[in-house]
Amino acid sequence: MPSEKKISSASDCISFMQAGCELKKVRPNSRIYNRFFTLDPDLQALRWEPSKKDLDKAKLDISAIKEIRPGKNTETFRNNGLADQISEDCALSIIHGENYESLDLVANSADVANIWVSGLRYLVSRSKQPLDLMESSHNTPRFVWLKTVFDAADVDGNGIMLEDTSVELIKQLNPTLKESKIRLKFKEIQRSKEKLTTRVTKEEFCEAFSELCTRPEVYFLLVQISKNKEYLDANDLMLFLEAEQGVTHITEEMCLDIIRRYELSQEGRLKGFLAIDGFTQYLLSPECDIFDPEHKKVVQDMTQPLSHYYINASHNTYLIEDQLRGPADINGYVRALKMSCRSIELDVCDGPDNEPIICNRNNMTSPLAFRSVIEVINKLAFISSEYPLILCLGNHCSVQQQKVMVQHMKRIFGNKLYTEAPSPSETYLPSPEKLKMKIIVKGKKLPPDEDILEGEVTDEDEEAEISRRMSEDYSSAPRLIWLCRELSDLVSLCKSVRYKDFETSMKSQNYWEICSFSEAEANRVANEYPEDFVNYNKKLLSRVYPSAMRIDSSNLNPQDFWNCGCQIVAMNYQTPGPMMDLHTGWFLQNGGCGYVLRPSVMRDEVSYFSANTKGILPGVSPQVLHVKIISGQNFPKPKGACAKGDVIDPYVCIEIHGIPADCTEQRTKTVQQNSDNPIFDESFEFQINLPELAMIRFVVLDDDYIGDEFIGQYTIPLECLQPGYRHIPLRSFVGDIMEHVTLFVHIAITNRSGGGKAQKRSLSVRIGKKAREYTMLRNTGLKTIDDIFKLAVHPLREATDMRENMQNSIVSIKELCGLPPIASLKQCILTLSSRLINSDNTPSVILCMKDTFPYLEPLGTMPDVQKKVLAAYDLMIQESRFLIETADTIHDKIVQCQKAGMELHEELHNLGAKEGLKGRKLSKAIESFAWNITVLKGQGDLLKNAKNEAIENMKQIQLACLSCGLSKTGSGNMDPKSKRSLEAIQEKDTGDENGRL
């Protein structure tokens, strides 16, 4: 059967529109009508039927069209009661006439909407000479390049070549294409021309390549950002990188360098333009990877105490199979250390010839010599990370062989071994930075005050603990084992102790002591005492190991315990699957060094955090993650689906992992029988309450599977996502990157109320004053304390109002520009400028710097539509200016209340006693105090970030106005006054971070 023809050029769009199709016409009164739309043969007007109007009136002249807006971005869509049922990706609006009226349409699929948007934009921009361009579609840069490729391979110079040669040539240009698919395409072309020969002409070669290698979704994107050309110049690329991809400090020379590296035609490289094939190559390159390259190196503060980090940890590292029958294997250590694992486990038993061994005590058939394992660890300990490695010793040796263990470790590890006694004057563990290149032994320790060479200690063995718990006499004392002084002295910072309860731990546990929790016990504690677990982990280390019932070496969900601040969550590295995907994905961040800094709300000595919180966290700005799943490339058949043919029906699941309030999952529709380039074109939105703990997992599955549905996945921390159009390299079930298998997506991450991260795009959602959520302070019941906190109530409301007012003004300007909420302010100015340029190419407004702020002054009279947009622009500048000029004062008031509260922190128990508070009431007062401090610190930080964002916005607006030709000197050049203003805006962004902004 002939394959469906892809859209690969403007003329394909025009042909489709001339043939016509059904579109839904949306009216302001919430009515929706089905109409058949066509483009006139002479390309001068758009018509629809049936209509009550005369045939001559049921049309729209192309010359009257002002702009084409994709998505639901007009008043009609925003106010339509049925708008929620309309897909954003299927909607489009045609803005026409002097009053900017809208014709609002909905296509049956995102693909059809894209064809109409691209085709109409092309016609509007080319309205003076469309016919000439249509006829010369074979002279586009792409066809010129393909002809040169053909000529170079056509040795005889006859203008024809063998089909085998043509197939080989196309495979060289696009290695991902299957040979059978290329041959089928040539047969289709030859059959359509009723040819008998299998030799391929130059035109047939170009046609086959265009149809096989054009990804329609990339073509539509290219047309959109090139202002309806079929190639990008350096200026187009620069705007795309700045406004869409979130790249800062981009220059024209950098864009020309990208063109030179990715454009396939020599002409394009010389003239500085990027055609569809070069643009596709660029989007697939590592430069457009979804993972932020900043996080490929250590970017977090590594000078905090060890207890403030999540630590990459392995369980029973010596196993590569299940827990019962699995033999010990040295490759378990090699794999873990190469994956930057920083906590590994060694179960050591007595071996023959007085040499200790490491083995699975359920299967003693293949023991490993302790000495050999230590040599491998010494060789690979710091191959992937220079930060400290923790050795969790399970000691089951006699005293005699314990001494041999000590000799081996001292001889092989040498000065890497950290044995320095902890200082009693300190209250926290040393930092990973201080412990660089050090090996820390975790184990039992003899009492320091007793002058004995060996003694009995409680057995910390996991199996012994489980059998004790399962016995009828649970309260029986744990088993005792003998320990020699030499081995005891190797343990310094990680002395193993038993957990009794949090009250005992907080009173008597030393900072250098660590508790191990079974999965069941950690789950119980996390559910019953989530706040206490977080507070415990601020100073002390906790290790969680999988349940003994997991004899198949399956994995626990590490996120459940990371949410409580547990640092060492031990994973069975040998077992792939969703849980191991989360673990591997999480530790990709911070340069993959095996240590990830916890969110500050889980580290600060006085702060409130509970993983079970269902709503917004105090002092943390929720973010909105916008994901558009556009298409997939080269999906393989599921590995285990052996009885199935090669055809698959793929769909994509997007999972959000994090605190319980953030965990959710959504899926795309299924694309029938397409593994090469399935188009999904679906948008999703997720609210994330604690972004620093959130991960996103993209999973591709087969809807028509036999035995196995898994195609590929990719897991990434939210903090590492890059905004814009990105290709995701999918991983196989065992975690390997699959060559050429990708998912094409668009990402935007922003604050719920609009403040995007620095260099990331800004999403705005308008929140009116009545519906505004103010983070409230809690009453502690301690009068002295409450009087201090009362002083912060008004500044906190002011800070929220200023932030929300600024964001609402940004939303208004975006709506009036007809842009979606995820658009950047730079895109707003670009859209605005096209409306504010007169027919003779002179601007109807001029950029005017007043007190370093970029105002727009009208030149002469303006239509009402433009006046409305300018009024919204002025309001945005005013709200931003008010925030920039007032933020410091409000911030100072909030910080002063925070400091005054903290000065009384040590006095809380005494103040409670005076007020007669004890027991549960006193605990509640202390919890409310921590909540209030968290709110003050968080709201102060949000205000500081809002000011920085407003300053950045003013800079971006001024630069955009200058590049759009709205300055007095015209486009490109910056007059001295504007330059001074830009410098002044930059100077606002200085000062002491801790005090004034």
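Please read these numbers as outputs of a predicted model, since none were measured by experiment.

Caption draft 1: The pattern of salt bridges, seen in detail. Summed over the entire model, instances satisfying the criterion amount to 51 salt bridges. In this structure, Asp233 engages Lys229 in a salt bridge whose closest nitrogen and oxygen atoms are separated by 4.0 Å. Asp233 sits in the partly exposed class, given a relative accessible area of 27%. Note on Lys229: relative accessible area 15%, which makes it buried. The network of salt bridges with common partners includes Glu163, Asp164, Glu179 and Arg183.

Caption draft 2: The arrangement of the packing of helix H25 (residues 825–835) against helix H26 (residues 864–903) in detail. One way to put it is that H25 packs onto H26 with a least axis distance of 12 Å and a crossing angle of 150°. Relative to H26, the element H25 lies roughly antiparallel. Once H25 is placed against H26, the crossing between them reads as left-handed. Between H25 and H26, the contacting residues are Leu825, Ile829, Leu832 and Arg835 on the first element and Gln866, Val869, Tyr873 and Met876 on the second.

Caption draft 3: The arrangement of the environment of Ile358 in detail. Here Ile358 shows up in strand S14 (residues 357–360). Residues Ile358 and Tyr318, 40 residues apart in the sequence, show an inter-C-alpha distance of 7.7 Å. The residues touching Ile358, leaving out its near neighbours within four places in the chain, are Tyr318, Ala328, Tyr333, Leu346, Asp347, Val348, Pro367, Leu368, Phe370 and Val373.

Caption draft 4: Examining the nonpolar core more closely. Counting residues in hydrophobic clusters, the biggest one holds 77 residues, and the most contacted among them are Leu346, Ile377 and Met409. The dominant element in this core, judged by the number of residues it contributes, is helix H16 (residues 399–413), at 6 residues. The residue makeup of this core includes at least three contributed by each of domain 3 (306–466 + 479–602) and domain 4 (623–750). When neighbours within four sequence positions are excluded, Met409 is seen to be in contact with Phe370, Ile374, Leu393, Gly414, Leu417, Val441, Leu487 and Leu490. Core analysis: the next-biggest nonpolar cluster, separate from the first, contains 61 residues, Ile810, Ala823, Leu847 and Leu962 among them.

Caption draft 5: The packing of aromatic side chains, seen in detail. Evaluated as defined, the whole model comprises 26 aromatic pairs. Geometrically, the ring pair formed by Phe240 and Phe279 is edge-to-face, given 5.8 Å between the ring centres and 70° between the ring planes. Here Phe279 lies in helix H13 (residues 276–284) and Phe240 lies in helix H10 (residues 234–244), a separation of 39 residues in the sequence. Take Phe240: its relative accessible area is 2%, and that puts it in the buried class. Judged by centre distance (6.1 Å) and plane angle (80°), the rings of Tyr309 and Tyr595 are edge-to-face. Of this pair, Tyr309 sits in strand S12 (residues 309–314) while Tyr595 sits in strand S24 (residues 595–597); the two residues are 286 residues apart in sequence, bridging distant segments of the chain. Like Tyr309, the residue Tyr595 is buried in the burial classification. An aromatic cluster is built from Tyr499, Phe502, Phe517, Tyr529, Phe533 and Tyr536, whose rings are joined through pairwise contacts.

The rules behind the values
Residues numbered from 1 in each chain as written. Predicted model: local features only at pLDDT ≥ 70, side-chain atom pairs only at ≥ 80, totals over all residues. Heavy atoms only, no water. Salt bridge = Lys/Arg side-chain N within 4 Å of Asp/Glu carboxyl O. Buried < 20%, exposed > 50% of the residue type's maximum accessible area, 1.4 Å probe, protein only. Axes fitted to C-alpha atoms, helices over the stretch in contact; angles between N-to-C directions. Helix = DSSP H or I, 4+ residues; strand = E, 2+ residues; numbered from the N terminus. Parallel < 35°, antiparallel > 145°, perpendicular 65-115°, else oblique. Left-handed = near helix turned anticlockwise from the far one by under 90°. Contact = heavy atoms within 4.5 Å. Core = buried A, V, L, I, M, F, W, Y, C linked by side-chain atoms within 4.5 Å. Domains from an automatic or database assignment. Phe/Tyr/Trp six-rings, centres within 6.5 Å; stacked < 30°, edge-to-face > 60°.

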